[in-house]
Amino acid sequence: MMQSVANPVVNEEVKTESDLADAAKIRYLSADNTVFSKTPGNMLSVKVAEEEHPTVYVHCSFPHTNKRIYLSIRTIENKEIGMIRSLDDFSKEMADLLEEQVQIRYFAPEITNVVAVKQEFGYSYWEAETTAGLCRFTVRDGGGNAKMVSDKRLLITDVDGNRFIIADLERLSDREYRMVEMCM
């Protein structure tokens with residue numbers, strides 16, 4: 001006697017289509033349906049309609065060009081609660097609170113002067129003056145750790161995940177540019 005067995009591939013395809021349809025539904029958050037607040041631990045919490053989330057994170061869709069538009073609000077599990085079209089849609093107090101969280105998440109000091117870059121054994125060792133003071137950091141060569149994020153802007157990620165920005169490569173001196181160019 002033969003038993004009928006459901007085709008798992010067909011079931012998986014149906015599930016995937018359903019997941020994609022759910023993912024395409026964007027819930028927009030506005031001042032009318034959302035209230036943000038700071039927790040005692042300086043985290044961000046949100047209440048959307050009657051739904052409360054004690055800890056949420058702000059993710060920028062365009063972190064290198066415009067941190068004020070299309071912000072994704074997500075839970076600790078990285079599940080999107082909703083999307084903010086623009087911080088301008090919120091009161092100054094709420095916008096300031098969200099902007100503070102964005103600044104913390106996307107903290108990336110700007111390199112104002114490249115003092116030295118030394119390459120050795122697949123790593124480059126940087127010393128640079130930044131908007132956060134003098135920094136010494138190590139960058140693994142290759143792997144996109146120094147990448148252009150616009151036609152003039154360079155994003156550098158060190159071995160610890162810290163990010164640094166050179167806002168305009170054209171403003172570097174010839175000496176600085178030659179040091180940086182070795183790592184690009």
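- Looking at an unreviewed UniProt entry, one finds the protein chain named DUF1854 domain-containing protein, with Paenibacillus mendelii as its source organism.

As for the nonpolar core
(1) Moving on: Membership of the largest hydrophobic core comes to 20 residues, with the highest contact counts inside it found for Phe-36, Leu-44, Val-58, Leu-71, Ile-73, Ile-84 and Leu-98.
(2) Moving on: Elements that contribute at least two residues to this core include exactly β3 (44-48), β4 (51-60), β5 (69-75), β6 (80-86) and α2 (92-105).
(3) Moving on: When neighbours within four sequence positions are excluded, Val-58 is seen to be in contact with Leu-44, Leu-71, Ser-72, Ile-73, Leu-98, Gln-101, Val-102, Arg-105 and Tyr-106.
(4) Moving on: Counting 18 residues, the second-largest nonpolar core is a separate cluster that includes Ala-146, Ile-156, Leu-169 and Met-179.

Some remarks on the pattern of salt bridges
(1) Moving on: Within this structure, the stated rule accounts for 9 salt bridges.
(2) Moving on: As a salt-bridge pair, Glu-99 and Arg-68 come within 2.7 Å of each other at their nearest N and O atoms. With Glu-99 in helix α2 and Arg-68 in the loop between β4 and β5, this pair connects stretches of sequence that are 31 residues apart.
(3) Moving on: The partly exposed category is assigned to Arg-68, whose relative accessible area is 27%.
(4) Moving on: Among the salt bridges present, the one from Glu-170 reaches Lys-152, with a minimum N-O distance of 3.5 Å. Here Glu-170 is found in the loop between β12 (163-166) and α3 (174-181), whereas its partner Lys-152 is found in the loop between β10 (146-148) and β11 (154-157), with 18 residues between them in sequence.
(5) Moving on: Of the residues examined, Glu-170 reaches a relative accessible area of 60% and is grouped as exposed.
(6) Moving on: Relative accessible area serves as the criterion here: at 32%, Lys-152 is assigned to the partly exposed category.
(7) Moving on: Look at the salt bridges and you will find they share partners, linking Arg-68, Asp-88 and Glu-99 into a network.

The rules behind these values
Residues numbered from 1 in each chain as written. Predicted model: local features only at pLDDT ≥ 70, side-chain atom pairs only at ≥ 80, totals over all residues. Heavy atoms only, no water. Core = buried A, V, L, I, M, F, W, Y, C linked by side-chain atoms within 4.5 Å. Buried < 20%, exposed > 50% of the residue type's maximum accessible area, 1.4 Å probe, protein only. Helix = DSSP H or I, 4+ residues; strand = E, 2+ residues; numbered from the N terminus. Contact = heavy atoms within 4.5 Å. Salt bridge = Lys/Arg side-chain N within 4 Å of Asp/Glu carboxyl O.

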